[in-house]
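Take a look at the letters that make up each chain.
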Amino acid sequence: MKTKAYAKLNLFLNVKGKRDDGYHDLEMVNITVGLADEIELIPTDGEIVCETSDKTLNGKNNLAYKAAVFMKKIFNVKQGVKIIVEKNIPVGGGLGGGSADAAATIEALNKLWGLNLSFDQMFEISKNFGSDTPYCLFKGPAIVRGVGFDIEPINLDISDYEILFFTPNVFISTGNVFSNLKNNNKYSLEESIKHLKSNNYNEFVKGLKNDLQDTAFELYPAVKEKYEFLKKTYGEDGLFMTGSGSTIVKIRKRQK
């Protein structure tokens, strides 16, 4: 069985504050993009194995592997699976690659193992594998709140725009960015949504905000350097870092 794990893109990210459990309450506007890892699942007699095209990754640390082990155990599945992940989503790029792999694996194993799980059941399982996995399972334009589990669909059409991805060769630690975050909660979700829903490009780009960008640039100067280079090349409108980085995104009017 073959499937695709689609990346997520934060058009808007605001950090409301730190919770008592150490996590942060977030406000985000997310979309699913065409960039995807390709996943193949091959049944085995009982063993679970995960291989990735990125040899720097340990298969057992991949969220797809962890999701498969979890599902096999809680549903007492006798069959195993070999998971082969062709990585196209940059690792540590802020595009939710590992989370997307986990979400796609949950969906695929539901079919492969004949578990007949509802979406709500798969959604509950996805919560065990990071804050982005539930959204990657949900897919589509959405407002995402809290630690990533409160998801509300939103009507957002950006088909008139094209999205360019630029990935500096820098791995950013999400935990490092959050632990060093200063001056958070700078942006208004409601105001951003108003701009993002506009059919006018000059209005739309005003809604592209990321509360983590300044901190990431301070901690990882090479990412800021990449941003400044791209700003000179493509202009500042529609140029921003997604998630905790390091991917820089340019959204522009689609070329006729």
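Description of the structure in this document. Just so we're clear, the structure is a prediction, and the values are computed from it rather than from any experiment. (Residues numbered from 1 in each chain as written. Predicted model: local features only at pLDDT ≥ 70, side-chain atom pairs only at ≥ 80, totals over all residues. Heavy atoms only, no water.)

What follows covers the sheet that holds strand β9 (residues 239–241). Pairing within the open sheet is antiparallel, and its three strands lie in the order β7-β10-β9. Strand pairing shows two members of the sheet lacking a second neighbour, β7 (161–166) and β9, which therefore form its edges. Neighbour-to-neighbour, the strand axes of this sheet turn through a mean angle of 25 degrees, independent of strand direction. The sheet contact formed by β9 and strand β10 (residues 248–253) spans three bridges and is antiparallel. Bridge pairing links Phe240 to Val249 in β10. (Pairing = 2+ DSSP bridges. Helix = DSSP H or I, 4+ residues; strand = E, 2+ residues; numbered from the N terminus. Axes fitted to C-alpha atoms, helices over the stretch in contact; angles between N-to-C directions.)

It is worth spelling out empty space enclosed by the protein at this point. For the coordinates displayed, the defined rule picks out one cavity of 30 Å³ or more. Considering the residues around the largest cavity, the lining is formed by 13 residues, among which Ala5, Tyr6, Ala100, Cys136 and Lys139 are closest to the centre. Broken down by secondary-structure element, the contributors of at least two residues to the lining of the largest cavity are β1 (2–18), α2 (97–112) and α4 (133–138). Residues belonging to the lining of the largest cavity are distributed by class as follows: eight nonpolar, one polar and four charged. (1 Å grid on protein atoms, 1.4 Å probe; cavity = no way out; pocket = protein on both sides within 12 Å on 5 of 7 lines; lining within 4 Å. Points joined across faces, edges and corners; volume = space filled by probe spheres on them. Nonpolar A, V, L, I, M, F, W, Y, C, P; charged D, E, K, R; others polar.)

There is about 1,100 Å³ of room inside the largest pocket. Along the wall of the largest pocket there are 46 residues; nearest its centre are Ser99, Ser131, Asp132, Thr174 and Ser244. Of all the secondary-structure elements, those providing two or more residues to the lining of the largest pocket are β1, β2 (24–44), α2 and α5 (174–179). Class assignment for the residues of the lining of the largest pocket results in 16 nonpolar, 24 polar and six charged. Approximately 310 Å³ is the volume attributed to the second largest pocket. Taken together, 16 residues form the lining of the second largest pocket, with Leu208, Lys209, Tyr227, Leu239 and Phe240 sitting closest to its centre. When contributions to the lining of the second largest pocket are tallied by element, the ones reaching two or more residues are β8 (209–210), α8 (213–219) and β9. Here the lining of the second largest pocket is built from residues that sort into six nonpolar, four polar and six charged.

All right, on to unusual backbone geometry then. With an omega of 15 degrees, the peptide bond between Gly245 and Ser246 qualifies as cis. Looking at the secondary structure, you find Ser246 in the loop between β9 and β10. Backbone geometry at Asn76 places phi at a positive 50 degrees, although glycine is not the residue there. Looking at where Asn76 falls in the secondary structure, it is placed in the loop between α1 (63–74) and β4 (80–86). Within the chain, Asn185 stands out as a residue other than glycine whose phi angle is a positive 60 degrees. Relative to the helices and strands, Asn185 resides in the loop between α5 and α6 (189–196). Note on Asn185: relative accessible area 36%, which makes it partly exposed. (Buried < 20%, exposed > 50% of the residue type's maximum accessible area, 1.4 Å probe, protein only.)

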